[in-house]
Amino acid sequence: FIPVKKEKVPAFLYISFESVFPNKYSPVEEICDNGFAFIAFGYKDVADDKDDGFISCLERHFIGKREEKTAGKICLWSTVAIMIMDYMQTVDEIDKENIAVVGHSRLGKVALLTGARDTRFKYTISNNSGCGGASLSFNKRGETVEVINTVFPYWFSLKFREYNNGELDFDQHFLLSLIAPRYLYVASSSLDGWADPNGEYFSCVLASEAFGENGFVHPERLPQVGEEFHQGKIGYHLKEGNHSLSRYDWNKFIKFIKG
């Protein structure tokens, strides 16, 4: 979806739970009215979100037999997002210097990995990405490394199980730091204890140093519900509510990018 403009337009690449657009997670008309192109794909069109031996959809072409160190489905979904970025480079109407990758929940994890892997994304946006995403694993509330590896063993490399005790050699702020010196946005929800908004916020604090002097500009306290911090290269807001992606979040992303 590309708004009709004389000039090239910035764009969102949205990694979606749905394959039909618009949908409850993506207010496409409003996004286009704000001057952004909207490109999206349904992640299940790439690989089913289940432990099926890595044989569904595109998996058999990318992975084949799964070994101990084989990347999981998070990485596969990310790889396809990067392939779509390749295609976006051929679309004349898109401003190639102003493209954001966006994901919610498990797909927020995918967005973070994608932004870390591909420097063509100027903005990386994760919404409620939690464990294995923006939230710190150390002293994690809600979903822990052990839980995520037990319930979703196909999301990550099997080697990740070695850290089920929570004693990691590094933490998720390292992943956020890989996006520097470009722009990062982390969005949390106040009642989303499973993702752990405090862990997501502190991960931004710890990653800030990698982004330089204006990394994460924030007060020396936890955020209040409804607050946004848009002054640095790391943007953040805490929405009132549960685990969700809404018009409220999209409008915050748009506001941050427009400055």
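Overview of the structure. (Residues numbered from 1 in each chain as written. Predicted model: local features only at pLDDT ≥ 70, side-chain atom pairs only at ≥ 80, totals over all residues. Heavy atoms only, no water.)

Attention now goes to the overall build of the protein chain. Counting its secondary structure elements, the protein chain contains eight helices and seven strands. Structurally, the protein chain occupies a C-alpha span of about 50 × 45 × 30 Å along its principal axes. Across the protein chain, the fraction of contacts at a sequence separation of at least 24, relative to all contacts at a separation of at least 6, is 66%. Only carbon and sulfur atoms are counted for the fraction: they give 52% of the accessible area of the protein chain, which is about 11700 Å². (Helix = DSSP H or I, 4+ residues; strand = E, 2+ residues; numbered from the N terminus. Contact = heavy atoms within 4.5 Å. Areas by Shrake-Rupley, 256 points an atom, 1.4 Å probe, with all protein chains shown as cover.)

Turning next to the pairing of strand β1 (residues 9–16). Regular strands show a simple pattern: their side chains alternate between the two faces of the sheet. Among the eight residues in β1, seven count as buried, and that is most of the element. When β1 meets strand β3 (residues 94–104), the two strands line up parallel, connected through six bridges. Bridged to F12 within β3 is A100. Where β1 and strand β2 (residues 37–42) come together, six bridges link them in parallel fashion. Counterpart to I15 in the pairing with β2 is F41. The handedness of the β1 to β2 crossover, carried by helix α1 (residues 28–33), is right-handed. (Buried < 20%, exposed > 50% of the residue type's maximum accessible area, 1.4 Å probe, protein only. Pairing = 2+ DSSP bridges. Right-handed = clockwise from strand over helix to strand, strands pointing away.)

Moving on: the packing of aromatic side chains. Evaluated as defined, the whole model comprises 26 aromatic pairs. For the pair W250 and F253, a centre-to-centre distance of 5.8 Å together with 70° between the ring planes defines the contact as edge-to-face. One end of the pair is W250 and the other is F253, both in helix α8 (residues 247–258) and three residues apart, which spans about a single turn. Residues W250 and F253 agree in their burial class; the two are buried. Counting every residue linked through ring pairs, the aromatic cluster contains F1, F12, Y14, F21, F36, F38, Y123, Y183, Y185, W250, F253 and F256. The ring of Y183 is capped by K233, whose NZ or CZ atom sits 5.4 Å from the centre of that ring. (Phe/Tyr/Trp six-rings, centres within 6.5 Å; stacked < 30°, edge-to-face > 60°. Lys NZ or Arg CZ within 6 Å of the ring centre and 35° of its normal.)

Right, let's talk about helix α4 (residues 106–117) for a bit. Between the first and last C-alpha of α4 there are 17 Å, a value that for twelve residues agrees with the 16 Å anticipated at 1.5 Å per step. Of the residues making up α4, those classed as buried are R106, L107, G108, K109, V110, A111, L112, T114, G115 and A116. (Expected span 1.5 Å × (residues − 1).)

What follows deals with unusual backbone geometry. Cis geometry marks the peptide bond from F21 to P22; its omega dihedral reads -5°. Within the secondary structure, P22 sits in the loop between β1 and α1. A cis amide bond links A180 to the next residue, P181, at an omega of 5°. You can see P181 is positioned in the loop between α6 (172–177) and β5 (183–189). Of note, S105 is a non-glycine position whose phi angle comes to about 60°, a positive value. Mapped onto the secondary structure, S105 falls in the loop between β3 and α4. Here S105 falls in the buried class, since its relative accessible area comes to 13%.

Below, the discussion takes up the pairing of β5. For β5, the buried fraction is high: six of the seven residues fall into the buried class. In the sheet, strand β4 (residues 123–127) pairs with β5 via five bridges, with the strands oriented parallel. Residue pairing in the sheet places N127 in a bridge with A187 of β5. Looking at chain direction, β5 and strand β7 (residues 234–239) are connected through six bridges and run parallel.

Position of G215 among the secondary structure elements: in the loop between α7 (197–207) and β6 (228–229). For G215, a relative accessible area of 0% gives the class buried. Sequence separation between G215 and F253 is 38 residues; the distance between their C-alpha atoms is 17 Å. Residues within four places of G215 in sequence aside, it is in contact with S208, G232, K233 and I234.

A separate point is the sheet that holds β2. Sheet architecture is open: seven strands sit in the order β2-β1-β3-β4-β5-β7-β6, paired in mixed fashion. Of all the strands in the sheet, the pair left with one neighbour each is β2 and β6. Sitting on the sheet, α4 touches β1, β3, β4 and β5, and the angle it makes with β3 is about 145°. (Axes fitted to C-alpha atoms, helices over the stretch in contact; angles between N-to-C directions.)

Treat this as a map of the structure, not an account of what it does.
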